[in-house]
Amino acid sequence: MGKLQTTTAPTPTPRPKPAIVQTTPASDREHERILTTYGGSYDDPQLESLIGKIVDRLVAASDHPEQSYKVTILNSGAVNAFALPTGQLYVTRGLIALANDTSELSSVLSHEMAHVLAHHAAIREDQARQVAVVTRVGSDDPDLTALALAKTKLTMASFSRAQEFEADGIGVGISAKAHFDPFGAARFLSSMERNAELKAGKIGFDPRAQDFLSSHPATPERVQNAEAVAKQYASADPREHDRETYLGAIDNIVYGEDPSEGFVRGRRFLHPKLGFTFQAPENFTLDNTAQAVIGVREGGAQAMRFDVVRVPAEQTLGDYLNSGWMENVDKSATEELTINGFPAAATTASGDAWQFKVYALRVGTDVYRFIFAMRQRTTESERNARETVNSFRRLSLDEIQSARPLRIKVITVQPGDTVDSLAHRMAGLDHPVERFRVLNGLDAHAQVKVRDRVKIVVE
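Described in the following lines is the structure provided in the data block.

A word on the environment of T277
Looking at the secondary structure, you find T277 in strand 7 (residues 276-279). The class of T277 is buried, set by a relative accessible area of 1%. Placed 13 residues apart in sequence, T277 and V264 show a C-alpha to C-alpha distance of 9.8 Å. A polar contact of 3.2 Å, which involves the side chain of T277, links it to the side chain of R268. From its side chain, T277 meets the backbone oxygen of F269 in a polar contact 2.7 Å long.

And the structure:
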């Protein structure tokens, strides 16, 4: 969450030809913004080596072997990948964990390379610049405060449908010429769509706001198109999946959120580094983003945002709430409180479509802010807000020490193992059976076979 992103410089991995990407001041700024938004870089020399070899093969097979690329693995559980016009490519560890073989990962990397080669990334950069100007001009709309609850994630301007089809075609061709399985793209697009649907559950906003499918619109037509292009390259020659090497490289990779930056477990949010926790109301789904923790109630009629803000020590929390950072605050409703021993204040505000209840708590030099938005103020919505804030407390030393990241563990299926039995060995996840299937590229009816290598999630 927020200001606590750590950026670990990746350990350089020996490469036959080091990628020298010519950056620009604009791309350097964008690189820093991406690192900040996606939790910094993820340092894993074995993965970096695997990706380096894939990229070298793809570059050699492309029509522009003179174009250099530099891949950064991002320390985020989101499933995303993107490219800057300079050839700087980004792939999250969440995406790497979802893929099942080198051909699937190569399809993502070749797709991003295609956006660079077709100059889509440069076009999108211009669009993003225009969107940023429009957003700044329009930010006085009070209802944008409510919309911001679900829109605080990185929103890069989307590629058009035509650009996606073109990048799919170019990317599948490059992968096939590099002797990767050309059907990897169709398989992985399907996995990403299923993963997004699983993440969506029944909540009322698009869960893909930070994921690949929001910046790369996906449709069943894209899967069909990727399959059709792959068929043009299908041949009697065996194409490389290299599943064993891939699974070996991702064994023990961190899965989901990095606890050092705060993480969600069910309805609880825990931040071991800062030493606090709170619990969201029933039927809320929490999502930890770089800027804030976002919660949305099933159906979308209530939402919450939790973040950290700078407030001068000499300013009271009541004065802060009334200071104008939020419009239409009812100053007569502002009150000073104490919550679990922490100085606090609360107030209400209203917009055209949303009602708000806002709390601020001072913990040491930090001020934590809870913003609850509701379509209608009800006894239940007031109770939800109050109970959430009252659940805010310090973590015990035991809780802090036991906060370990979830990791991918690659195991061999034994006699008697089933999808259900393997899924229920997984830790800290909702919908374990569906998640096991999505994580391993298994459709709704597929079964595991003895000696198969599969991924499970463990603490």
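Past the structure itself, the notes keep going.
Section: the sheet that holds strand 17 (residues 453-458)
Judged by pairing direction, the sheet is antiparallel, and its 3 strands sit side by side in the order 4-16-17 without closing on themselves. Because the sheet does not close on itself, it has two edges, and the strands there are strand 4 (254-255) and strand 17. Pairing between strand 4 and strand 16 (residues 406-412): 2 bridges, direction antiparallel. Residue pairing for strand 16: Y255 is matched across the bridge by L406. Lying over the sheet, helix 11 (residues 243-250) contacts strand 16 and strand 17, oriented at roughly 15° with respect to strand 17. Running at roughly 135° to strand 17, helix 16 (residues 432-439) makes contact with strand 4, strand 16 and strand 17 of the sheet.

Some points on helix 13 (residues 379-390)
Along its 12 residues, helix 13 runs 16 Å from first to last C-alpha, staying within 8% of the 16 Å computed at 1.5 Å per residue. What helix 13 keeps buried is the set S381, N384, A385, T388 and V389. Burial along helix 13 is one-sided: seen end-on, the buried residues are contained in an arc of 120°.

Conventions we followed
- Residues numbered from 1 in each chain as written.
- Predicted model: local features only at pLDDT ≥ 70, side-chain atom pairs only at ≥ 80, totals over all residues.
- Heavy atoms only, no water.
- Helix = DSSP H or I, 4+ residues; strand = E, 2+ residues; numbered from the N terminus.
- Buried < 20%, exposed > 50% of the residue type's maximum accessible area, 1.4 Å probe, protein only.
- Polar contact = N/O pair within 3.5 Å; in protein donor to acceptor, adjacent residues only side chain to side chain.
- Pairing = 2+ DSSP bridges.
- Contact = heavy atoms within 4.5 Å.
- Axes fitted to C-alpha atoms, helices over the stretch in contact; angles between N-to-C directions.
- Expected span 1.5 Å × (residues − 1).
- Arc of directions from axis to C-beta.

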